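Listed below are the residues making up each chain.
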Amino acid sequence: MQTRVFTIHSGADAKAVREVADILKNGGVVAIPTETVYGLAANALDAAAVEKIFAAKGRPQDNPLIVHVAGFDDIRALTSRVPARARELSRRFWPGPLTMVLPKANCIPDTVSGGLPTVAVRMPAHPAALAVIQAAGVPLAAPSANLSGGPSPTTAAHVLNDLDGLIDAVVDGGECAVGVESTVVSLLDEVPRLLRPGGITPGQLREVLGNLIIDPAVYADIERDQKPSSPGMKYKHYSPRARLVIVKGSLDAFREYVETHEQPGSAVLCFEEELDAFSVPCVSFGKRADAADQARQLFDALRRVDALPGVNFIFARHPETEGMGLAVYNRLLRAAAFEVITL
Ligand code: TXA
Ligand code: MG
């Protein structure tokens, strides 16, 4: 299939918004920009359309999708119960990078919920995403618009690199402002549970919620036979083709480690200030003391370091894990298949 490319920055690009909305209403799949990462969208209430998302990405069937809406009131039809805390979180963080897991309504197909009795909902902040959802007049199921297992896309070029010819269209809305996916929080139990760190930090959530449990899977490897609260966490994720290991220590210790362990095909993923410090090829994933900058750059950096000629082994610096740093570390840890060397 020929993948069409549209440019939409806001609702003012009215003709393109209408064309994209028509493709979605007719059961097509379109990659759209959000403030976090690009999403591969289809009508969330049309099981056959949602199937096409799984086919294009090669996504495991039991990994549920986030349903994107254009306003809080839209979630009433998609859920069977909306706790007061959902309203409070939406007042503070929507539109924005926060996804809430709630009990689902019957209209949500099993393909969207992965067979779970719940549904994940979010109102994105990118004006193009909001304009397209509104024009389509239906909620949009959308996982990140990458091939399953690889780094998420933060530009339309990343999407085309992975999915050209496999999807109906891509909407180019520029570079994603946040760069890592939304924070996923479950509101099913008495105490809210953080399932995936993202654009909203645990500290910001606690300001609204008071108490918050961090799910162990945020830090740890979930055994395949265990049942994680968020099915997405058990899969290989964000991985470059080359093997990646995180090496934890000072810059001097890191450099010495690289010098004694490098082989032909080695590369380094480091902070911007350190680009001149190594004899092997280096790619930066942002400024050392700026987790938001690292979040914006991480996925592009993973793609770039993996594309260096002949690279088969990547040594990565260990980011801080405070605030937005937790989301950066969570993604890098999965890209490394949980391989961390502490010096
Ligand atoms: O920022 C984002 O969230 C992006 C953009 C496109 O909105 N989307 C995204 O989707 O990251 P995806 O499919 O790559 O990640 C969705 C995550 C997965 O880890 C999945 O397991 C979890 O959300 N999830 C979805 N529905 C769930 C549910 N009902 N219960 C628990 N976890 C759920
Ligand atoms: Mg994803």
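Coordinates for the structure precede this section.
If you're wondering where the values come from, they're calculated on a predicted model, not measured in any experiment.

Peer 1: Could you give an account of the packing of helix 9 (residues 291-307) against helix 10 (residues 325-335), naming the residues involved and the relevant values?
Peer 2: Packing of helix 9 against helix 10 leaves a shortest axis separation of 8 Å and a crossing angle of 20°. Taken as axis vectors, helix 9 and helix 10 run roughly parallel relative to one another. Like other packed secondary-structure pairs, helix 9 and helix 10 cross with a definite hand, here left-handed. Residues Ala 291, Gln 294, Ala 295, Leu 298, Phe 299 and Leu 302 of helix 9 pack against Gly 325, Val 328, Arg 331, Leu 332 and Ala 335 of helix 10.

Peer 1: Summarise the sheet that holds strand 12 (residues 243-248); cite the residues concerned and give the values.
Peer 2: Strand order in the open sheet formed by 5 strands is 14-13-15-12-16, and the pairing between neighbours is parallel. Of all strands in the sheet, those with a lone pairing partner are strand 14 (282-284) and strand 16 (340-342), marking the two edges. Across the sheet, the mean angle separating the axes of adjacent strands is 25° when strand polarity is ignored. Bridging between strand 13 (residues 266-270) and strand 15 (residues 313-317) involves 4 bridges; their strand directions are parallel. Bridge pairing in strand 15 places Val 268 opposite Phe 315. Against the sheet, helix 8 (residues 251-261) engages strand 12, strand 13, strand 15 and strand 16, with an angle of about 170° to strand 15. Helix 9 contacts strand 12, strand 13, strand 14 and strand 15 of the sheet and is inclined by roughly 165° relative to strand 14.

Basis of the calculations
- Residues numbered from 1 in each chain as written.
- Chains lettered and ligands numbered in written order.
- Predicted model: local features only at pLDDT ≥ 70, side-chain atom pairs only at ≥ 80, totals over all residues.
- Heavy atoms only, no water.
- Axes fitted to C-alpha atoms, helices over the stretch in contact; angles between N-to-C directions.
- Helix = DSSP H or I, 4+ residues; strand = E, 2+ residues; numbered from the N terminus.
- Parallel < 35°, antiparallel > 145°, perpendicular 65-115°, else oblique.
- Left-handed = near helix turned anticlockwise from the far one by under 90°.
- Contact = heavy atoms within 4.5 Å.
- Pairing = 2+ DSSP bridges.

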